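Results of the structural survey
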Amino acid sequence: MAFVSHHFVRSLSSAKSLAVKHVTVIGGGLMGAGIAQVAAGAGHTVILVDQAEDILKKSFKKIGDSIGRISKKKFIDKPEAAAEFVQQTLQRISVSTDPASAVHSTDLVIEAIVENVNVKQELFKKLDKVAPEKTIFVSNTSSLPITEIANATTRHDRFGGLHFFNPVPMMKLVEVVQIPKTSQQTFETLMNFSKALGKKPVACKDTPGFIVNRLLVPYLMEAVRLHERGHGSKEDIDVAMKLGAGYPMGPFELLDYVGLDTSRFIIDGWHEMDPGNPLFNPSALLNKLVDEGKLGKKTGEGFYKYS
């Protein structure tokens, strides 16, 4: 009986979440910089990693500008407190171009690099050899299978997904993705870490698109198909969804905002995985626009033109 009790207590304690103090964010782009910002703002020590020094300089400046705006809202009529908040937050962030050295004592690695499964696998394979055994690995991918990325490592029980949304400092949701071998301790750690950042985490399984994109992308693609069939203009479809469904943006406006190349990449990947699913069928119109370099707001033209 004593052995059973001891084993039971030990099992309970092993399921408790780990304390995350040191965070390494790989990728100095928009998402990586945003994640680094909110982690530092919540009191974590952060190392932001990218291949190029100039990208890191730009990212650090963007972080500083963003924190400055937030501090003015957070500390209205308290300029000294606002300045102190900015200074303390930025002091918690360091930058590096060496991923291996940046993970040697970290608690959590958050990957936010290019959406290419082979590139992600290669990164995690290298980090798996040098990171401490305790370190949890997560990917911020929005569409790629977490399990496939984790297969490049030997720590499936300490691997998961943390899908943040853009812009990270403003968007409250985080999808916490479990693969079949993610331990309960890892899951609880990721849930509590997300809450510590002031986010609202939701639990997801490792299915295409998790929750949000699994519902959102097929909706966007069906809007394009509706337009392709001549059943509605893009303008009328956008107005209908904003006024009829209460959406802040219509599907074509949202596609342009997200980037048509991004949407095509996601739907092409899903179609390759499950070609028999009609929800994942590609769109000739979307493909045409991407091939013409009309990717949305970032290029000045997508479904709409932007001056």
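Residues numbered from 1 in each chain as written. Predicted model: local features only at pLDDT ≥ 70, side-chain atom pairs only at ≥ 80, totals over all residues. Heavy atoms only, no water.

1. With respect to the sheet that holds strand β4 (residues 108-111)
- One open sheet holds the eight strands; their spatial order is β3-β2-β1-β4-β5-β6-β7-β8, and the pairing between them is mixed. With one partner strand each, in any of the chains shown, β3 (93-96) and β8 (200-205) form the two edges of the open sheet. On average, each strand axis in the sheet is tilted by 25 degrees relative to the strand beside it, whichever way the strands run.
- The pairing of β4 with strand β5 (residues 136-139) spans four bridges and is parallel. (Pairing = 2+ DSSP bridges. Helix = DSSP H or I, 4+ residues; strand = E, 2+ residues; numbered from the N terminus. Axes fitted to C-alpha atoms, helices over the stretch in contact; angles between N-to-C directions.)

2. Overview of helix α9 (residues 212-228)
- When the terminal C-alpha atoms of α9 are compared, their 24 Å separation across 17 residues agrees well with the 24 Å that a helix rising 1.5 Å per residue should span.
- Buried within α9 we find Asn213, Val217, Pro218, Leu220, Met221, Ala223, Val224 and Arg225.
- Looking one or two residues past α9, Gly230 carries a phi angle of roughly 80 degrees, positive in sign. (Expected span 1.5 Å × (residues − 1). Buried < 20%, exposed > 50% of the residue type's maximum accessible area, 1.4 Å probe, protein only.)

3. With respect to the packing of aromatic side chains
- The tally for this structure, following the rule as stated, stands at seven aromatic pairs.
- Taking 5.7 Å as the distance between ring centres and 80 degrees as the angle between the ring planes, the aromatic pair formed by Tyr219 and Tyr247 counts as edge-to-face. Highlighted residues: Tyr219 in helix α9 and Tyr247 in the loop between α10 (234-244) and α11 (251-258), separated in sequence by 28 residues.
- Relative accessible area serves as the criterion here: at 38%, Tyr247 is assigned to the partly exposed category.
- The ring centre of Phe137 lies 4.3 Å from the NZ or CZ of Arg155, which sits over that ring. (Phe/Tyr/Trp six-rings, centres within 6.5 Å; stacked < 30°, edge-to-face > 60°. Lys NZ or Arg CZ within 6 Å of the ring centre and 35° of its normal.)

4. Description of the side chain of Gln178
- Relative to the helices and strands, Gln178 resides in strand β7 (residues 173-178).
- Those residues in contact with Gln178 that sit more than four places away from it in its chain are Phe187, Ala203, Cys204, Lys205 and Asp206. (Contact = heavy atoms within 4.5 Å.)

5. A word on the pairing of strand β6 (residues 159-164)
- Taken across its six residues, β6 has six buried, putting it largely inside the fold.
- The two faces of β6 match: Phe159, Gly161 and His163 on one face and Gly160, Leu162 and Phe164 on the other face are all buried.
- One ladder, built from five bridges, connects β6 with β7; its direction is antiparallel. Counted as the bridge partner of Leu162 is Val176 from β7.

6. So, the nonpolar core
- With 34 residues, the main nonpolar core has Val46, Ile63, Leu108, Ile110, Leu162, Phe164 and Phe193 as its most contacted residues.
- Looking at which element gives the most residues to this core, the answer is helix α2 (residues 30-41), with seven residues. (Core = buried A, V, L, I, M, F, W, Y, C linked by side-chain atoms within 4.5 Å.)

7. Here we look at the confidence of the model for the chain
- Looking at the chain as a whole, the pLDDT averages 93, with 95% of positions reaching at least 70.
- In this model, residues 1-14 is a region of pLDDT below 50 whose contacts with residues beyond four sequence positions or in other chains number two contacts. (pLDDT = per-residue confidence, 0-100.)

8. What about a nonpolar patch on the surface?
- Taken together, Met249, Tyr257 and Val258 make up a surface patch of nonpolar side chains, about 250 Å² in accessible area.
- Following the sequence through the fold, Met249 ends up in the loop between α10 and α11. (Patch = residues over 30% accessible without salt bridge, like charges linked within 9 Å, V, L, I, M, F, W, Y side chains within 5 Å. Areas by Shrake-Rupley, 256 points an atom, 1.4 Å probe, with all protein chains shown as cover. Salt bridge = Lys/Arg side-chain N within 4 Å of Asp/Glu carboxyl O.)

9. A word on the layout of surface pockets
- Considered as a void within the structure, the largest pocket measures approximately 1,400 Å³ in volume.
- Around the largest pocket, the lining comprises 39 residues; the ones closest to its centre are Ser142, His163, Asn166, Val258 and Thr262.
- Mapped by element, the contributors of at least two residues to the lining of the largest pocket are α2, β6, α9, α11 and α12 (260-273).
- Per-element tally for the lining of the largest pocket: the top contributor is α9, with seven residues. (1 Å grid on protein atoms, 1.4 Å probe; cavity = no way out; pocket = protein on both sides within 12 Å on 5 of 7 lines; lining within 4 Å. Points joined across faces, edges and corners; volume = space filled by probe spheres on them.)

10. A few points about the pairing of β4
- Of the two faces of β4, the one lined by Leu108 and Ile110 and the one lined by Val109 and Glu111 are each fully buried.
- Bridge analysis of strand β1 (residues 22-26) against β4 gives four bridges, and the strand direction is parallel. Paired with Val23 across the two strands is Leu108, which belongs to β4.

11. A word on the pattern of salt bridges
- Scanning the entire structure with this criterion turns up 16 salt bridges.
- The closest approach of N and O atoms between Arg264 and Asp268, which form a salt bridge, is 3.4 Å. One end of the pair is Arg264 and the other is Asp268, both in helix α12 and four residues apart, which spans about a single turn.
- By relative accessible area, Asp268 is classed as partly exposed at 30%.
- Salt-bridge contacts for Glu301 lead to Lys294; the nearest nitrogen and oxygen are separated by 3.6 Å.
- A residue is classified by how much of its surface remains accessible, and Lys294, at 25% relative accessible area, is partly exposed.

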